[in-house]
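Listed below, chain by chain, are the residues.
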Amino acid sequence: MYNVKIVETKQEHDDAFTVRKKVFVEEQGVPLHLECDAEDATATHFIMYEDDEPVGAARLRNIENNTAKIERVCILQSQRGKKLGALLMKEMEKYAISIPKETLKLHAQSHAIPFYEKLGYAVTSPEFLDAGIPHRAMEKKI
């Protein structure tokens with residue numbers, strides 16, 4: 001059984017960063033100093049567990065009055081293809097509505113654009129590099 005929750009404890013925080021490090025640093029080659037940045041201190045972090053094992057993570061930042069930005073969305077390679085990314089995104093969207101936000105923005109890795117489009121996000125920028133990886137900005141009204 002999969003469970004998504006807002007990070008509240010040190011263990012949950014450590015679990016979220018372990019998943020992020022495995023996906024972004026070890027798998028994709030993003031330098032650790034770029035993956036873990038100053039925004040982590042003020043972001044709302046999310047962790048996904050399968051039973052007691054961390055399998056996914058993400059963060060949400062307030063960037064404007066009615067807008068939040070979704071960042072660092074990741075699912076462990078062994079867990080992909082199970083629609084867990086969509087589950088994680090839906091839980092983050094529910095939270096964003098509750099705080100309340102009207103717009104969500106994100107920077108999607110270009111290969112993941114179809115995933116986000118299925119969730120209702122639209123591309124809003126040309127392609128750009130972030131940590132050496134092609135991305136495009138996307139947005140959704142919620």
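Cross-referencing UniProt, the feature "domain: N-acetyltransferase" (unreviewed entry) maps to residues 2-142 in the present numbering. Measuring from the first to the last C-alpha atom of residues 2-142 gives 24 Å, for a span that is 30% helix and 38% strand.

This part covers the nonpolar core. The nonpolar side chains of soluble globular proteins are, as a tendency, buried together. Residues Leu 60, Ile 70, Leu 88, Met 89, Leu 106, Tyr 116 and Tyr 121 are the most contacted members of the largest nonpolar core, which totals 25 residues. Those elements that place two or more of their residues in this core are strand 2 (44-50), strand 3 (53-64), strand 4 (67-75), helix 3 (84-98), strand 5 (103-109) and helix 4 (113-118). Looking at this core, the element that brings in the most residues is helix 3, giving six residues. Aside from chain neighbours lying at most four places away, what touches Tyr 116 is Val 73, Met 89, Leu 106, Ala 108, Tyr 121 and Met 138.

Take the packing of aromatic side chains next. Inspection of the entire model under this criterion finds three aromatic pairs. When the centroid spacing of 5.7 Å and the interplanar angle of 70° are considered together, the rings of Phe 46 and Tyr 95 count as edge-to-face. Taken together, the residues Phe 46 in strand 2 and Tyr 95 in helix 3 connect sequence positions 49 residues apart. Residue class for Phe 46 comes out buried when judged on its relative accessible area of 2%. A relative accessible area of 22% places Tyr 95 in the partly exposed class. Taken together, a centroid distance of 6.1 Å and an interplanar angle of 80° make the contact between Tyr 116 and Tyr 121 edge-to-face. With respect to class, Tyr 116 is no different from Tyr 121; both count as buried. A connected cluster of aromatic rings, assembled from ring pairs, spans Phe 115, Tyr 116 and Tyr 121.

Okay, unusual backbone geometry next. Despite not being glycine, Asp 51 has its phi angle at roughly 55°, a positive value. With respect to the secondary-structure elements, Asp 51 resides in the loop between strand 2 and strand 3. Judged by relative accessible area, Asp 51 falls into the exposed class, the value being 56%. Its identity is not glycine, yet Ala 131 carries a phi of approximately 55°, on the positive side. The topology assignment puts Ala 131 in the loop between strand 7 (128-130) and strand 8 (133-141).

The next subject is the environment of Thr 18. Tracing the backbone shows Thr 18 in helix 1 (residues 10-27). Assessed through its relative accessible area of 36%, Thr 18 is described here as partly exposed. Separated by 2.9 Å, the side chain of Thr 18 and the backbone oxygen of Asp 14 make a polar contact.

All told, the structure shown has zero disulfides when counted by the stated rule. Free cysteine: Cys 36, not disulfide-bonded; nearest cysteine sulfur from Cys 74 at 11 Å.

The next point concerns the side chain of Arg 72. As for its position among the elements, Arg 72 is in strand 4. Here the side chain of Arg 72 touches Leu 34 through a polar contact of 3.1 Å, landing on its backbone oxygen. Within the structure, Arg 72 has its side chain in polar contact with the backbone oxygen of Glu 35 (distance 3.1 Å). When near neighbours in sequence (up to four residues on either side) are disregarded, Arg 72 contacts Arg 20, Phe 24, Leu 34, Glu 35, Asp 37, Ala 57, Ala 58 and Arg 59.

Scoring rules and cut-offs
- Within any chain, residue numbers begin from 1 and follow the written order of that chain's sequence.
- Totals for whole chains, interfaces and linings use every residue, but because this is a predicted model, local features are given only for residues with pLDDT of at least 70 and side-chain atom pairs only at 80 or more, for both listing and counting.
- Working from all heavy atoms in the structure, the side-chain values ignore hydrogens and water.
- UniProt positions are given in the numbering used here, feature names are shortened, and annotations may be inferred rather than shown by experiment.
- Put simply, DSSP H or I for four residues or longer makes a helix, DSSP E for two residues or longer makes a strand, and each gets a number counted from the N terminus.
- For this analysis, a nonpolar core means a set of buried residues of the types Ala, Val, Leu, Ile, Met, Phe, Trp, Tyr and Cys, connected via side-chain atoms within 4.5 Å.
- Think of it in three bands: with a 1.4 Å probe and only protein chains considered, a residue is buried below 20% of the maximum accessible area for its type, exposed above 50%, and partly exposed in between.
- Residue contacts follow a heavy-atom distance rule, with two residues in contact if any of their heavy atoms lie within 4.5 Å.
- The aromatic pairing rule takes the rings of Phe, Tyr and Trp, using the six-membered ring of Trp, and pairs them if the centres are within 6.5 Å, calling planes under 30 degrees apart stacked, those over 60 edge-to-face and the rest tilted.
- Polar contacts, as used here, are pairs of N or O atoms within 3.5 Å; protein pairs need one atom able to donate a hydrogen and one able to accept it. Residues neighboring in sequence count only if both atoms are side-chain atoms.
- Counting rule for disulfides: a pair of cysteine sulfur atoms within 2.5 Å.

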